[in-house]
Amino acid sequence: MFDMLSLATKGINLIKSNLLTFAVMIVVVLFIWWKNLIGGQAETIVNNKDGIKTLAPQQPITLAALTRRALQKPAVILQEAVSLGVFHVKWILAGPLVVVSHPNIASVVLSDKFISDRLVINHEAKGVLGMNGSPHKKAHNNLVTLFASPESKNSLTDALVEQLHARLASETFPEFNEAVSTKENLDLCPVFEELWVDVIGLWVLGVETSAETERREKIVEARRCLANLTFVLPTGISWYFDRLRALVPYTEYLLLPGGRDYLVRRNGKSKARAIVDEEYIKMVKEFKDGKKRGGVAGRLLEQVLASLPEGTEISIPQWEELFAECEAVQTAAQLPLYSIVPHILYLLAHSPTHQKAVFVEASKVNAKNINRSHVANMPQLEAVVLEALRLLPPFVTSYNRSSADNAYKLPGNWSLPKSTHIVVDFLSTMRNTDSFGTDSDAFKPERFSQYQFVPTIEETPAESIQKLKRAVQGETPTFKDGFIPFGGGLFACPGQRLALDVIKVAVAEIVRKYELSGVKGREKVDASEIVKTMEEFGNEQGNVLRHLEGCPVAIKKRK
């Protein structure tokens, strides 16, 4: 007994004196065990054709994989994924991430056979607002219902276009005019980041364009702060961050030394969040007084109150649910818009022929402002927008999907283990040669000249079943099967027509007033050359595609 106690005491003393060594050993052992466990799971992602099992191609472990952003470098993905139906990125602390890049496989993954997860980032002062599974499905269905009504959809579109014209006149056109007068190049990316954050923020809250300027600008500044475009920092160290942001591009998206994220959350976002919450509360009071406010928030509030028994007050959980839906719309709308619009204009700057065709259509409008009915009769403009969406989708990948069953089968004889995370690589899927021909990586708006765009959200159940059946049977994907810039299936973007209309209005207004061209030294660079290799693009904040050097153009005012 004594010997055992003595031995135990010596063992404890040995561990105490070599605590760091033992800690390192434990970490190493756990790492090896976990790596082997995940490696074993990855080896169950196989292609079983004619009795021959083949492992899915594997991407190396990257920072992108560790942060659940598997497609940080679109150029690499294009090189690896276009010829493949499935490949996976090996994670260290989670199951393997499968990336699918073929229209048939995408059709299955985007169907209701897979659970969808999403995150709404940077809206709460405390950080991340998350939704997955049933809450995500319910919130999405509410928006589908909202946009399904032609009256509701058209009024929301018109309200959004009205907000767009107001901000173009007060913010964007002055910036363009200054670039014209100084003959300096203009980077379109920051211009449209601010524009869309402003427009969507005011539109979601239903703040009228006639509202007092001070109130509108207060909301705009709050939204810019919540979107990480501006920061409110304590006096004394703010100069440090300002200098760093001025000297180093895109540092607003990075965690900077000194606890920037904490300071922003504490000193900036809390104030900004309070301003937006105050506007929500004001909206509810107005509604109780009989004043119905427009905008998405007002419409969703109307839905909630209509579902309550007469005389029942909206509960705190219902209020929080409404808030979450509104914030989801804010994020889901502003991010793709401030990606795709500058990219379209950038491509037009490097494609004079297509820019001229769009200008000819836009110049025929005699009204002061171009509206939804005008762009409905501009086929050249629509073809340019759709082709840009195909080649440069605003979101590089879909939200995470999870396989619910063991050894789930995908087209092409692929099997997935349970709980595998899956994303659809939109970039590669929409360059599939089966769907778009051998020149699928070229900028050719003419391919959409005879195409009638129908949002995937408007597919009938019979059409969806037939599409899924063709995919499972491995039939050659059609043009429509491969064109999914707004996603597909159960969780496709509910406001596809609205988004397309407002994009076309923004592009038409800019091209009608200004002539864009490539900057000095890049005047003769063709649009197809820009989109072909994707070397100039990256996957930035919020999984949004962005030209790494911004979208600099030279500008002339049209006479």
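**A word on the overall build of the chain**
Of regular secondary structure, the chain possesses 22 helices and 16 strands. Considering the chain as a whole, with its 559 residues, one finds that 51% of them fall into the buried category. Sequence separation of at least 24 residues holds for 76% of the intrachain contacts in the chain that already meet a minimum separation of 6.

**Here's the deal with the layout of surface pockets**
With a probe scaled to a water molecule rolled over the atoms, the places where space remains empty come into view. Taken as a whole, the second largest pocket encloses approximately 450 Å³ of empty space. Lining the second largest pocket are 20 residues; nearest its centre among them are Ser-111, Glu-459, Ser-464, Gly-489 and Leu-490. Per-element tally for the lining of the second largest pocket: the top contributor is helix H19 (residues 461–472), with 5 residues. Here the residues of the lining of the second largest pocket sort into 8 nonpolar, 9 polar and 3 charged.

**Focus on the packing of aromatic side chains**
For the coordinates displayed, the defined rule picks out 10 aromatic pairs. A centroid spacing of 5.1 Å and a plane angle of 80° characterise the contact between Phe-448 and Phe-479, whose relative ring orientation is edge-to-face. Taken together, the residues Phe-448 in the loop between helix H18 (433–436) and H19 and Phe-479 in helix H20 (residues 479–482) connect sequence positions 31 residues apart. For Phe-448, a relative accessible area of 3% translates into the label buried. Judged by centre distance (6.1 Å) and plane angle (55°), the rings of Phe-453 and Phe-486 are tilted. Of this pair, Phe-453 sits in the loop between H18 and H19 while Phe-486 is found in the loop between H20 and helix H21 (496–513), placing the two residues 33 residues apart along the sequence. In this pair, the class of Phe-453 matches that of Phe-486, namely buried. Chaining the aromatic ring pairs together yields one cluster made of Phe-436, Phe-448, Tyr-451, Phe-453, Phe-479, Phe-483 and Phe-486. When the ring centre of Phe-436 is taken as reference, the NZ or CZ atom of Arg-390 above it lies at 4.9 Å. Over the aromatic face of Phe-359 sits the side chain of Arg-558, whose NZ or CZ is 4.0 Å from the ring centroid.

**A look at the environment of Leu-226**
Here Leu-226 shows up in helix H9 (residues 213–226). It is 7.4 Å that separates the C-alpha atoms of Leu-226 and Arg-273, two residues lying 47 residues apart in sequence.

**Remarks on the side chain of Glu-361**
Within the secondary structure, Glu-361 sits in helix H14 (residues 352–363). Of the side chains bearing the opposite charge, Lys-364 lies closest to the buried Glu-361, which forms no salt bridge; the N-O distance is 7.0 Å. Each residue touching Glu-361, except ones within four places of it in the same chain, is listed here: Met-378, Pro-379, Gln-380 and Leu-381.

**Some words on the nonpolar core**
Of all hydrophobic cores here, the largest spans 128 residues; its most connected members are Phe-176, Phe-192 and Trp-196. Of all the elements, helix H13 (residues 316–349) adds the most residues to this core, at 16 residues.

**Things to note about H19**
Helix length check: H19 (12 residues) gives 16 Å between terminal C-alpha atoms against 16 Å at 1.5 Å per residue, within 8%. Looking one or two residues past H19, Gly-474 carries a phi angle of roughly 75°, positive in sign.

**Some points on the sheet that holds strand S16 (residues 552–557)**
Paired through their backbone hydrogen bonds, the strands of a sheet run either parallel or antiparallel. Overall, antiparallel pairing links the 3 strands, which are arranged S8-S16-S13 in an open sheet. One side of each edge strand has no neighbouring strand; the edge strands of this open sheet are strand S8 (186–187) and strand S13 (514–517). Bridge analysis of S13 against S16 gives 4 bridges, and the strand direction is antiparallel. Across the sheet, the residue bridging to Tyr-514 is Lys-557, located in S16.

**Points about the confidence of the model for the chain**
Per-residue confidence for the chain gives a mean pLDDT of 77; residues scoring 70 or more make up 74%. For residues 61–71, every residue scores under 50 in pLDDT, and the model assigns this stretch 26 contacts once sequence neighbours within four places are set aside. In the predicted structure, residues 250–266 sits below a pLDDT of 50 and forms 39 contacts with residues beyond four places in sequence or in another chain.

**What to know about unusual backbone geometry**
Where the residue is not glycine, phi is negative for most of them; where a peptide bond is considered, it is trans in most cases. For Lys-183, which is not a glycine, the phi torsion comes out positive at approximately 60°. Among the secondary structure elements, Lys-183 is positioned in the loop between helix H7 (150–182) and S8. The class for Lys-183 is exposed, based on a relative accessible area of 77%. A positive phi angle is found at Met-534, which is not glycine, with a value near 65°. The residue Met-534 is located in the loop between helix H22 (527–533) and strand S14 (537–540) in this model.

**Focus: the pattern of salt bridges**
Applying the stated rule across the entire model yields 24 salt bridges. Residues Lys-444 and Asp-439 are paired through a salt bridge, measuring 2.9 Å at the closest nitrogen-oxygen approach. One continuous salt-bridge network, built from bridges that share partners, spans Arg-167, Glu-171, Glu-194, Asp-198, Glu-217, Glu-221 and Arg-224.

**As for the pairing of strand S12 (residues 421–424)**
Alternating residues of S12 divide into His-421 and Val-423 and Ile-422 and Val-424, and every residue in both groups is buried. Note that strand S9 (residues 401–402) and S12 share 2 bridges and pair antiparallel. Residue pairing for S12: Ser-402 is matched across the bridge by His-421.

**Re the packing of H13 against helix H16 (residues 379–391)**
As a packed pair, H13 and H16 sit with axes 10 Å apart at the nearest point and diverge in direction by 110°. Here H16 runs roughly perpendicular to H13, going by the angle between their axes. Helix-helix and strand crossings are classified by hand; for H13 and H16 the assignment is right-handed. Residues Ile-340, Ile-344, Leu-347 and Leu-348 of H13 form the contact with H16, whose participating residues are Val-384, Val-385, Ala-388 and Leu-389. Partitioning the contact of H13 with H16 into residue classes produces 8 nonpolar, no polar and no charged.

Reading the values: the criteria
- Residues numbered from 1 in each chain as written.
- Predicted model: local features only at pLDDT ≥ 70, side-chain atom pairs only at ≥ 80, totals over all residues.
- Heavy atoms only, no water.
- Helix = DSSP H or I, 4+ residues; strand = E, 2+ residues; numbered from the N terminus.
- Buried < 20%, exposed > 50% of the residue type's maximum accessible area, 1.4 Å probe, protein only.
- Contact = heavy atoms within 4.5 Å.
- 1 Å grid on protein atoms, 1.4 Å probe; cavity = no way out; pocket = protein on both sides within 12 Å on 5 of 7 lines; lining within 4 Å.
- Points joined across faces, edges and corners; volume = space filled by probe spheres on them.
- Nonpolar A, V, L, I, M, F, W, Y, C, P; charged D, E, K, R; others polar.
- Phe/Tyr/Trp six-rings, centres within 6.5 Å; stacked < 30°, edge-to-face > 60°.
- Lys NZ or Arg CZ within 6 Å of the ring centre and 35° of its normal.
- Lys, Arg positive; Asp, Glu negative; His and termini not counted.
- Salt bridge = Lys/Arg side-chain N within 4 Å of Asp/Glu carboxyl O.
- Core = buried A, V, L, I, M, F, W, Y, C linked by side-chain atoms within 4.5 Å.
- Expected span 1.5 Å × (residues − 1).
- Pairing = 2+ DSSP bridges.
- pLDDT = per-residue confidence, 0-100.
- Axes fitted to C-alpha atoms, helices over the stretch in contact; angles between N-to-C directions.
- Parallel < 35°, antiparallel > 145°, perpendicular 65-115°, else oblique.
- Left-handed = near helix turned anticlockwise from the far one by under 90°.

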